[in-house]
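For reference, the chains in residue letters:
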Amino acid sequence: MSVLQAFNFRRKNTVVHRLDPRTKLYLAITLLIVSFIFSEVVVLSLIFLFLLLVLAAARSLSQWFRTIRGLSFLLIIVVLFNSMFATLGYAITFVVRLLDIMACFSIFFLTVHPDDLAQALIHLHVPFDFAFTLSIATRYVPTLAQEAQTIIDAQMSRGLELQKGNMIKRIRNYIPILIPLIVCSIRRALSVAESLESRAFGSTKRRTYLHALKMAKKDHFVILLATLAVIVSIYYKFLVGLPSWLTWQIPL
Amino acid sequence: MITAEEIWFTYPDGPTALRGVSLRIRDRELVAIMGENGAGKTTLVKHFNGLLRPQEGSVTVDGLNTLQVSVAELARKVGYVFQNADHQLFSETVYSEVAFALNNFGYPEKETRRRVQQVLRLLDLEKYRNSSPFSLSGGERKRVALASTLCFDPEIIVLDEPTIGQDGSQKKKLGELIHSFNLEGKTVIVVTHDVEFAAEYAQRIVAMARGRIIADGPSKKVLTNPKILEECALLAPQATQLAQRISERVKGFPTELVSVEEVASAIREFLGG
Amino acid sequence: MPATVRVENLTFTYAGARRPAIKNTNLEIMEGEYIVITGPTGCGKTTLCRCLNGLIPHFHQGKMTGKVIVNGVDTYKTKVSDLSQTVGFIFQDPENQLVALNVERELAFAPENLGLPREEIRTRVEEAMEMVGIEELRYKAPYELSGGEQQRVAIAAVLTLKPKILVLDEPTSNLDPVSARRIVTLLARINRDHGMTIILVEHRLDLVASYSNKVVVMNNGEIVVEGEPRVALSSDYVEELGVGIPKILKLFKELQIDRSKHAFPLTPEEAVNILT
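Conventions and cut-offs
Residues numbered from 1 in each chain as written. Chains lettered and ligands numbered in written order. Predicted model: local features only at pLDDT ≥ 70, side-chain atom pairs only at ≥ 80, totals over all residues. Helix = DSSP H or I, 4+ residues; strand = E, 2+ residues; numbered from the N terminus. Rg over C-alpha atoms; globule rule 2.2 N^0.38 Å. Buried ≥ 20, exposed ≤ 12 C-beta atoms within 10 Å, placed from the backbone. Contact = placed C-beta atoms within 7 Å. Pairing = 2+ DSSP bridges. Axes fitted to C-alpha atoms, helices over the stretch in contact; angles between N-to-C directions. Nonpolar A, V, L, I, M, F, W, Y, C, P; charged D, E, K, R; others polar. Core = buried A, V, L, I, M, F, W, Y, C linked by C-beta atoms within 7 Å. pLDDT = per-residue confidence, 0-100. Parallel < 35°, antiparallel > 145°, perpendicular 65-115°, else oblique. Left-handed = near helix turned anticlockwise from the far one by under 90°.

Student: Account for the overall build of chain C, with residues named and values stated.
Tutor: Along the backbone of chain C there are twelve helices and ten strands. The C-alpha atoms of chain C give 19 Å as radius of gyration, which agrees with the globular expectation for 276 residues (19 Å, within 12%). Expressed as lengths along the three principal axes of its C-alpha atoms, the size of chain C is roughly 60 × 45 × 35 Å. In chain C, which comprises 276 residues, the share counted as buried stands at 55%. In chain C, the proportion of contacts linking residues at least 24 apart, taken out of those at least 6 apart, comes to 65%.

Student: Any details on the overall build of chain B? Residues and values, ideally.
Tutor: Summing up its helical and strand segments, chain B has eleven helices and ten strands in all. In terms of overall dimensions, chain B is globule-like: its C-alpha atoms have a radius of gyration of 20 Å, near the 19 Å expected for 273 residues. Out of the 273 residues belonging to chain B, those deemed buried represent 53%. Within chain B, contacts between residues separated by at least 24 positions form 60% of all contacts whose residues are at least 6 apart in sequence.

Student: Describe the sheet that holds strand β6 (residues 78–81) of chain B, and please don't skip the residues or the numbers.
Tutor: Residues and elements named next belong to chain B. One open sheet holds the six strands; their spatial order is β6-β7-β8-β3-β9-β10, and the pairing between them is mixed. Every interior strand has two partners, whereas the edge strands, β6 and β10 (212–218), have only one. Taking the axes of each pair of neighbouring strands and ignoring which way they run, one obtains an average angle of 15° across the sheet. In this structure, β6 lies alongside strand β7 (residues 156–160), joined through four bridges in parallel fashion. When the bridges of β7 are listed, G79 appears paired with I157. Against the sheet, helix α6 (residues 168–184) engages β3 (30–34), β7 and β8 (187–191), with an angle of about 150° to β8.

Student: Go over the interface of chain C and chain B, please, and point to the residues and values.
Tutor: If you look at the interface, chain C gives 30 residues, while chain B gives 32 residues. The set of elements that each furnish at least two residues to the side of chain C that touches chain B consists of α7 (177–194), α11 (247–254) and α12 (268–275) of chain C. Of the residues assigned to the side of chain C that touches chain B, the class counts are twelve nonpolar, ten polar and eight charged.

Student: Lay out the interface of chain C and chain A in plain terms, naming residues and giving numbers.
Tutor: Counting residues at the interface gives 32 residues for chain C, matched by 24 residues for chain A. Among the secondary structure elements, those contributing two or more residues to the side of chain C that touches chain A are α3 (80–83), α4 (103–113), α5 (118–132) and α6 (147–159) of chain C. Top contributing element to the side of chain C that touches chain A by residue count: α4 of chain C, with five residues. Residue classes in the side of chain C that touches chain A are distributed as 20 nonpolar, seven polar and five charged.

Student: Tell me about the nonpolar core, residues and numbers included.
Tutor: Counting 194 residues, the largest nonpolar core has I33, V98, V158, A207, C232 and V263 of chain B together with I199 of chain C as its most contacted members. Apart from the residues lying within four places of it in its own chain, the contact partners of V263 of chain B are A239, L242, A243 and L257 of chain B together with L251 of chain C. Counting 27 residues, the second-largest nonpolar core is a separate cluster that includes L31, F38, W64 and V112 of chain A.

Student: Quick one: what's the story with the confidence of the model for chain B, residue by residue and with numbers?
Tutor: Atom-level detail of predicted coordinates should not be read off regions where pLDDT is low. For chain B, the mean per-residue pLDDT works out to 92, and 100% of the residues sit at or above 70. Here helix α11 (residues 260–271) of chain B is the element of chain B with the lowest mean pLDDT, 87, and β8 of chain B is the one with the highest, 97.

Student: An account of the sheet that holds strand β2 (residues 22–29) of chain C is requested, with residue identities and associated values reported.
Tutor: All names here are of chain C. A sheet is described by the order of its strands in space; here four strands give the open sequence β2-β1-β4-β5, paired in antiparallel fashion. Two strands lie at the open edges of the sheet, namely β2 and β5 (73–74), each paired on one side alone. Bridge count for strand β4 (residues 62–70) against β5 is two bridges, and the pairing is antiparallel. Bridging from a neighbouring strand, I69 pairs with D74 of β5.

Student: Can you lay out the pairing of β3 of chain B for me, pointing to particular residues and giving the numbers?
Tutor: Residues and elements named next belong to chain B. Within β3, five of the five residues are buried, leaving the element largely enclosed by the surrounding structure. Of the two faces of β3, the one holding L30, A32 and M34 and the one holding V31 and I33 are both buried throughout. Sheet topology note: the β3/β8 ladder contains four bridges and is parallel. In the strand pairing of β8, V31 is matched with I189. Where β3 meets strand β9 (residues 204–209), four bridges bridge the pair, whose relative direction is parallel. Bridge pairing in β9 places A32 opposite I205.

Student: With reference to specific residues and values, describe unusual backbone geometry.
Tutor: In this structure, the amide linkage connecting I56 of chain C to the following residue, P57 of chain C, adopts the cis form with an omega of 10°. Within the secondary structure, P57 of chain C is located in helix α2 (residues 55–58). You will see that R28 of chain B, though not glycine, has its phi angle at about 70°, which is positive. For R28 of chain B, the position within the fold is in the loop between β2 (16–25) and β3. Classification of R28 of chain B as partly exposed rests on a count of 14 C-beta atoms within 10 Å.

Student: Can you tell me about the packing of helix α10 (residues 238–249) of chain B against α11 of chain B, naming the residues and giving the values?
Tutor: Each pair of packed helices can be summarised by the angle the axes make with each other and by the distance between the axes. Residues and elements named next belong to chain B. Two numbers describe how α10 lies on α11: the axes approach to 9 Å, and their chain directions differ by 25°. Relative to α11, α10 is oriented roughly parallel. Considering only the axes of α10 and α11, their crossing is left-handed. Contacts between α10 and α11 pair A239, L242 and A243 from the former with V260, V263 and A266 from the latter. For the contact of α10 with α11, the class distribution of residues is six nonpolar, no polar and no charged.

Student: Describe the confidence of the model for chain C, listing the residues and the values that go with them.
Tutor: Residue and element names in this part refer to chain C. Looking at chain C, pLDDT values average 92 and 100% of them are 70 or higher. Averaged over each element, pLDDT in chain C is lowest for α12 (85) and highest for strand β7 (residues 165–169) (97). Under the prediction, the complex receives an ipTM of 0.92, its pTM being 0.87.

Student: For the pairing of strand β3 (residues 34–38) of chain C, give the residues involved together with the corresponding values.
Tutor: Residues and elements named next belong to chain C. Counting buried residues in β3 gives five out of five residues, a clear majority hidden from the surface. Here β3 shows two buried faces, one formed by Y34, V36 and T38 and the other by I35 and I37. As defined by bridge partners, β3 adjoins strand β8 (residues 197–201) across four bridges and the pair is classed as parallel. Opposite V36, over in β8, you have L200 as the bridge partner. Sheet topology note: the β3/strand β9 (residues 214–219) ladder contains four bridges and is parallel. If you follow V36 over to β9, its bridge partner there is V215.

Structure, rendered in structure tokens:
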């Protein structure tokens, strides 16, 4: 699962990690908007460099690159595919924007813990049930992955060979893995539900929280900068126009 | 015979589970592998059917090097009974559940039917032949999982924590069953932290801690040694604890005893009425 | 003094089942007692303990007749969330009881559910942490904890509800002997120092028998033996049922020591004193 490394939260103590999750949500969205405002390869590349700096500040560059390496094959296909319908220059620009979008999402998922995300959603007045479902689903993902591996091991020990056979046989071979996984997941869900019930889950609509999210000065600062970035981008792109060095296109 | 030579294994997400483990298990032995959770017991036995392959060192099963053979090939020789039966059950009927391995190994229809019938009878599951495995109780499902491994008659059987959640009589039946496999000529390897069970049924104990084998020998020697027990986070069998306490007050009272019967006769001998 | 738990003629049949899981069961538990409920698989002990905090009949559907009164309150008429402040429940698998990001948040979960003010939540979290002795685990995530640590966290997470009674359903099943013993001694300490009523469903009697003051043995949905552990567990009937009695008891039975002269021991220490 190394391909998914870019979206896997790791607990670290960096400036980026310490920002409020709502700030990071806002940052990711604004950077996304900026990536879509521009279609100039130079601007998009500058944005990309900026995003890499943010990833470096979050000490997550190596994680991100592992994913990119895993997806590099796919990215090359995207370039080739696009260049069939348009110029190569356009295709490269397209991929740079894709990288920008991926980096935006990565920055968010790498630095925001699922529980903090749930808490951020609650602060944004999303119903607790929904936010909690999200965080509990994420909490059990590694457990589920481990269970899937155990099931695969158990069936392989009975002679199941996942790599053998034609396409149809290979798909059928996943039935002895999916069924136990589903059954065990349902059993687990019931077990967790019992535990939640026994701890007064849902007993009141006015749930309280030990930890409250609080915006610090650095959060306000980042939100201000991010908003300015969007405003300036719109200003320069649509109202004033960009200087020629920024609008240079790849001559291919 | 299973030979492990200086095997090292580290999981992809970090922990080094085995640090230079060497072991030889001969045919027809009944071995218990013991130690606290995280000592490396399950990691070790997963090397015996190729589910895991050593990063350093080698594992040989019946002359086959596990690095050169597939799991499916090793699975014919080494039957692995997992702790949680629900990780295996998926079929519509108990019959097809048990026949799964036989089908995978390419047994002909007639042979399959014979073997399934035989093992269902052995484990008292005949009346559930056409039932859904999911409709059975926990203990019955465990027996179905066991049946689905026994049916292809492997020479070596590995059981991973088979006593968890079992009551006294279930443990007794299980113990008698593995004892009978052993008498038939099978090699039985049990991963367990149930000291009483190991004391009663295993001849040899391999005690592990933190990825290493701390002790490997007859149960009389391993389960009665306080240093080994402490290092492996095990408690001595109650009978042994009693023997050791008596020996503090009664000179010469034997301490290398593990079973209730042995200690009882020693008491009769040394303490008279 | 009224019993803190009173089970009167309780019969429960799970929805879709042909036979009742427990029938005509009567049981009285006094405050501060440490009860062990045991019996062969399928005897109804799991069902019985779930009747004590309202999971039966409110969470598990079925037909219930008879009454369960806990701390003066009828479980049939009371919500599980209300009962949870009197009866804390610990389950077998710690993995399915830890739902939060770290230990501190896990402990805060139950009081947060009750809508308590922040200072109150903080106080309860600190008290529970101290009671169980897990302060050093405060910021750890569930996957960073061993099985024994997870189960101790689960116990602390339930203690934040300030229950009077703790019901535990085979809490040491998945644990190695040393971790299991740690849980059992923790329960004994909570029972002794805080007067908490402990109701423990267990197979591993060698570990727990010596701490309890009453053993309840069930079979086929009924309570068949009830009494002081030494007496209850040394009967041949109980052994024949398939209950795994402590090996010390087995040894004494083998020695055919006269039961009327000496009370049977539950630990090696007691045994030595009798023999020498």
